[in-house]
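Inside the fold
Next come the chains, spelled out residue by residue.
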Amino acid sequence: EDPEREGKFRVKQFKDENVRVYKTVTLRPQPGQKLNLNYSARTASDINLDALPTREGTLIGVLLFRPHDQRVLQAKTAAQVRALFKEVFPMFDPMLSDPACEAFARKPVSKLPIFQFCGPVLHKGASTVLLGDAIHAVKPFFGLGVNSAFEDISELDRCLSATA
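All values derive from a computational prediction rather than experimental measurement.

Moving on, we come to helix α4 (residues 98-106). All of the buried residues in α4 are Ala100, Cys101, Phe104 and Ala105. Projected onto a plane normal to the axis of α4, the buried residues spread over an arc of 140° and lie on a single side. Turned more than 90 degrees from where α4 packs its buried face, Pro99 and Arg106 sit exposed. On the buried face of α4, the contacting elements are β2 (21-27), β5 (59-65), α2 (70-73) and α3 (78-88).

Pasting the structure below:
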């Protein structure tokens, strides 16, 4: 059976051997601190933080951690969040406001999507085409998902122009 000839879609999911979940936090840069950088911290304690600048002049931090990490899961008050950052990311503590700590404590844990790929056929005759996350799930980390969508749209435009 030739899936390409028969126009069948196949989906392959990839087992995530390195599962991470995340929570976001707003960071306020200190006076004189550069805002055109991606701040990143990798720790031996297996919690990572990446922060990118926003148009509002703050940084959005993404705290990646294992789903069972009690240090993050037990941070349910602003004081506990502050203590977590002082322990694991002391360099970011001055950038944390009390409201940001409170918001982090209230935020639910978010999951990243499962990696998957669809193929070899991405269309069914002339009536249906698959795009975006329907053919490839990308962890939506700092614009990767939207950049992938732009690539998909460019390719669709190229294909439509070639058949016009």
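This part covers the pattern of salt bridges. Taken as a whole and assessed by the stated rule, the structure comprises seven salt bridges. When the shortest N-O distance is used, the salt bridge between Asp46 and Arg66 registers 2.6 Å. Of this pair, Asp46 sits in the loop between β3 (39-42) and β4 (48-53) while Arg66 is found in the loop between β5 and α2, placing the two residues 20 residues apart along the sequence. Relative accessible area serves as the criterion here: at 28%, Asp46 is assigned to the partly exposed category. Salt-bridge contacts for Arg71 lead to Asp69; the nearest nitrogen and oxygen are separated by 2.5 Å. On the basis of relative accessibility, which here comes to 32%, the residue Arg71 falls in the partly exposed class. For Asp69, a relative accessible area of 9% corresponds to the buried category.

Tracing the sequence through the fold places Gly61 in strand β5. Owing to a relative accessible area of 0%, Gly61 belongs among the buried residues under this scheme. Each C-alpha atom of the pair Gly61 and Thr26 lies 6.0 Å from the other, and the pair is 35 residues apart in sequence. Apart from residues lying up to four places away in sequence, Gly61 is in contact with Lys23, Thr24, Val25, Leu27, Leu49, Asp50 and Ala51.

What counts, and at which threshold
Residues numbered from 1 in each chain as written. Predicted model: local features only at pLDDT ≥ 70, side-chain atom pairs only at ≥ 80, totals over all residues. Heavy atoms only, no water. Buried < 20%, exposed > 50% of the residue type's maximum accessible area, 1.4 Å probe, protein only. Helix = DSSP H or I, 4+ residues; strand = E, 2+ residues; numbered from the N terminus. Arc of directions from axis to C-beta. Contact = heavy atoms within 4.5 Å. Salt bridge = Lys/Arg side-chain N within 4 Å of Asp/Glu carboxyl O.

Keep in mind that these numbers describe shape and distance, not what the molecule does.
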